[in-house]
Amino acid sequence: MNRSDICSCVLDVVRDISEDSTVSYETEIDDIELDSIGWMRCLVAIEEKLGCAVDPAVFFSGINDSIEKLCGSLLQYFNITD
Amino acid sequence: MIECLYDAFVSASGNTENYVDYLELENFAYKPRRKTFDQVYRDIINCCANLSERGIGTDTVVAFEIENTYKCLICDSALIMLGARAVISRKNDNADVLDQRIAEFSAEYLISDRKVSGGIPCFTAEELCEKNENGKLPERHIYNDDMSIMFSSGTTGIPKALGITEKGSVWSSNNFFRFMKFNSGDKFLIFMPLSNYQQRFLFWGCIMNKVNASIGNDMNLLQCLTHLEPSILLAPPNFFYNLYCQQQKTEKDVIRASLGKNMRYLLTGMAPIDNEILWFFHESGNDIYQIYGQTEVGMICCNTVDENRIGTVGKPIIDICFSDEGELITNSPAPIVSGYYENGRLLSPMPFRRPTGDMGIADEDGFVCIKGRINDTIVLRSGKKINPAMIENKIKNLVSDSEAAIYKTKDSSSFNINITIISESFDGRNTDEIRDKVCRLREIQELTDPYTIEFYEADKTEMSRFYTENGKFSRKKAIDILCSSER
């Protein structure tokens, strides 16, 4: 699993569940039309795609205010630095 | 007959059939953990030894920042077995609030993961659950006064300290579990914060009635549902509404996929739920059973698998009546709450016969319908009474990411009905279209008084002022803010 796997997985899942193909790395989390269950479904789908569990506290951390930051948190969680 | 929670925990001894499940994250994978009731009992006894060695025993006041973990449940149970009194807070409460509660209730110890302790000894649930060879059954204890102090924002939004009685807890949770006919093949998922009294109450109900329990939290809820496959879930209306919205967007069966394979009892309460959501779930083969209770009294009315009527909160499970004004009055043999505390002292005790503040009506078959808060009732010029809470809920469901408040405002000479829709932003939304949708609601069309529909944008900080400490939208707070703001 590398940086690209994680980032593209996050983007694909969020675009799919929010039904918004314009979501990009720069998109702010608040601008994505997803409610709490929607984000929980994103987490589950990301876990399924990556084949491993993500600590929900990392995923739902308040510092993840954009898709880019969310990807950054996941990369740090999986200790991927390349 | 179980008389006290001490007896309830002792009754778990030797029970290897029932269990408590929870998830742990290990090496990037969820590991389901299972503890039989017998193991739960042994873990409690072990924790009692750790607490005793640290000086905690009968009547010791312990501030406890409880989290939704198995170990916190064990600590909570051990404190009860020892006869200590827990002052329960949420992990997310800020340090000042915790310090204030420690001082107010003269807490001698703190159980928390924080490093702050207000100058008193502080232990983590983790260390209190470490293996102790000296574990032995403590002396039987029945509380004569309050077992716990908990905090509830209620409808006013201001957290109040409530005294929790052991007698009321035992009686009310047993009464609820028996009425619902939960059985030993069931598994109850408890995921809302344990600092919310009803969640601990559900755990005790599981132990006393030999119903399996599973513990999760509001962040790993979907994983708990799919990995632990509970059969009973109590969730707020918002959870079902969000699931409904997700289902609307896709052909996939999101509801079934989210709820796990064994779900048979979806329960909701705590706030009104739109009948449309209830019908939607009913038609998809996933009935939601609406129940009604109050922190002070416990469960009051419940729909069950055998008797469910959409649009009602079910049949009473305790003695109730209605006042001439239509207010629902309870007469519980054992209320859960002894009374409210102020500055660490119990104010006047809670009467057994208690007005709920809710307007209600019972149909010919005894199913009760709640019409809203009595103080919220708006009397139209025609004399017709409307209760705004249900209409506000409908509006909220019509307009995503919004709240709504309906209240009377005095114009230069007459009263008008003001309907305010509140959101962080209406950018990119067609407010005329929203207004049109709201006007088409039957309840709005039936308003005989003049009304206005307004849109109110509040940034994140201001938005937070509309909510109670427990995250519930407070119409009282909202109306105060809306009326005082320059519009």
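Remember, it's a predicted structure, so these values are computed and weren't measured experimentally. (Residues numbered from 1 in each chain as written. Chains lettered and ligands numbered in written order. Predicted model: local features only at pLDDT ≥ 70, side-chain atom pairs only at ≥ 80, totals over all residues.)

Describing the overall build of chain B
Secondary structure assignment for chain B yields 16 helices and 26 strands. For chain B, whose C-alpha radius of gyration is 23 Å, the value lies close to the compact-globule estimate of 23 Å for 487 residues. Along the longest, intermediate and shortest principal axes, the C-alpha atoms of chain B span 75 × 50 × 50 Å. For chain B, the proportion of its 487 residues judged to be buried stands at 44%. Restricting the contact set of chain B to residue pairs at least 6 apart, pairs at least 24 apart contribute 64%. (Helix = DSSP H or I, 4+ residues; strand = E, 2+ residues; numbered from the N terminus. Rg over C-alpha atoms; globule rule 2.2 N^0.38 Å. Buried ≥ 20, exposed ≤ 12 C-beta atoms within 10 Å, placed from the backbone. Contact = placed C-beta atoms within 7 Å.)

Description of the sheet that holds strand β17 (residues 327-331) of chain B
Strand pairing in a sheet takes place through backbone hydrogen bonds and is either antiparallel or parallel in direction. Residue and element names in this part refer to chain B. An order of β16-β17-β20-β21 is seen for the 4 strands of this open sheet, with the pairing classed as antiparallel. Here the strands that pair on one side only, and so sit at the sheet edges, are β16 (319-322) and β21 (368-373). Strand-to-strand twist of the sheet, defined as the mean angle between neighbouring strand axes without regard to direction, takes the value 50 degrees. (Pairing = 2+ DSSP bridges. Axes fitted to C-alpha atoms, helices over the stretch in contact; angles between N-to-C directions.)

Focus: the pairing of β21 of chain B
Residue and element names in this part refer to chain B. Pairing geometry for strand β20 (residues 353-362) and β21, over 5 bridges, is antiparallel. Following the sheet pairing, D358 is matched in β21 by R373. Here β20 hands over to β21 after 5 residues, with G366 in that stretch at a positive phi of 95 degrees.

Observations concerning the interface of chain A and chain B
In this assembly, 14 residues from chain A lie in contact with 15 residues from chain B. Only α2 (36-50) and α3 (56-59) of chain A provide two or more residues apiece to the side of chain A that touches chain B. Looking at which element gives the most residues to the side of chain A that touches chain B, the answer is α2 of chain A, with 6 residues. Of the residues contributing to the side of chain A that touches chain B, the split by class is 8 nonpolar, 2 polar and 4 charged. (Nonpolar A, V, L, I, M, F, W, Y, C, P; charged D, E, K, R; others polar.)

Overview of helix α7 (residues 197-209) of chain B
Residue and element names in this part refer to chain B. For α7, which comprises 13 residues, the first-to-last C-alpha distance of 18 Å matches the rise-based estimate of 18 Å (1.5 Å per residue) to within 8%. Most of α7 is tucked away, with 12 of its 13 residues classed as buried. Within α7 the residues assigned to the buried category are Y197, Q198, R200, F201, L202, F203, W204, G205, C206, I207, M208 and N209. Residue K210 follows α7 closely and has a positive phi angle near 55 degrees. (Expected span 1.5 Å × (residues − 1).)

Looking at the packing of helix α9 (residues 237-248) of chain B against helix α11 (residues 275-283) of chain B
Working note: a packed helix pair is described by the angle between its axes plus the distance between those axes. Residues and elements named next belong to chain B. Following both chains from N to C, one finds α9 and α11 inclined at 60 degrees, their axes separated by 10 Å at the closest point. Between α9 and α11, the angle falls in the class oblique. Of the two elements, α9 crosses α11, and the hand of that crossing is left-handed. Contacts between α9 and α11 involve F240, Y241 and Y244 on the former and, on the latter, I277, F280 and F281. (Parallel < 35°, antiparallel > 145°, perpendicular 65-115°, else oblique. Left-handed = near helix turned anticlockwise from the far one by under 90°.)

What to know about the domain arrangement of chain B
All names here are of chain B. Domain annotation for chain B reports domain 1 (5-370) and domain 2 (377-484). Between the C-alpha centres of domain 1 and domain 2 there is a distance of 32 Å. In this complex, domain 1 contributes 11 residues to the contact, which on the side of domain 2 involves 14 residues. Tallied by class, residues from the side of domain 1 that touches domain 2 come to 5 nonpolar, 5 polar and 1 charged. (Domains from an automatic or database assignment.)

Focus: the nonpolar core
Residues and elements named next belong to chain B. Formed by 134 residues in total, the largest nonpolar core has its most connected members in I44, V62, A78 and F240. When residues in this core are grouped by element, the largest group, 9 residues, is from helix α3 (residues 70-82). Every residue in contact with V62, bar those within four places of it in the chain, is listed here: I56, L79, A84, A86, A107, Y109 and I111. Core analysis: the next-biggest nonpolar cluster, separate from the first, contains 19 residues, A404, A405, I434 and I479 among them. (Core = buried A, V, L, I, M, F, W, Y, C linked by C-beta atoms within 7 Å.)

Remarks on the environment of S485 of chain B
Residues and elements named next belong to chain B. Tracing the backbone through its elements, the reader meets S485 in the segment after α16 (475-484). Accessibility expressed as a C-beta count within 10 Å gives 10 for S485, which makes it exposed. Spatially, the C-alpha atoms of S485 and S214 are 45 Å apart, while their sequence positions differ by 271 residues.

Some remarks on unusual backbone geometry
Residues and elements named next belong to chain B. Its identity is not glycine, yet D59 carries a phi of approximately 70 degrees, on the positive side. Within the secondary structure, D59 sits in the loop between α2 (37-53) and β3 (61-66). A positive phi angle, near 45 degrees, is found at E229, a position not held by glycine. Relative to the elements of secondary structure, E229 occurs in the loop between α8 (221-228) and β11 (232-235).

Section: the confidence of the model for chain B
Per-chain confidence: chain B averages 90 in pLDDT, with 96% of residues scoring 70 or above. The ipTM for the predicted assembly is 0.90, set against a pTM of 0.85. (pLDDT = per-residue confidence, 0-100.)

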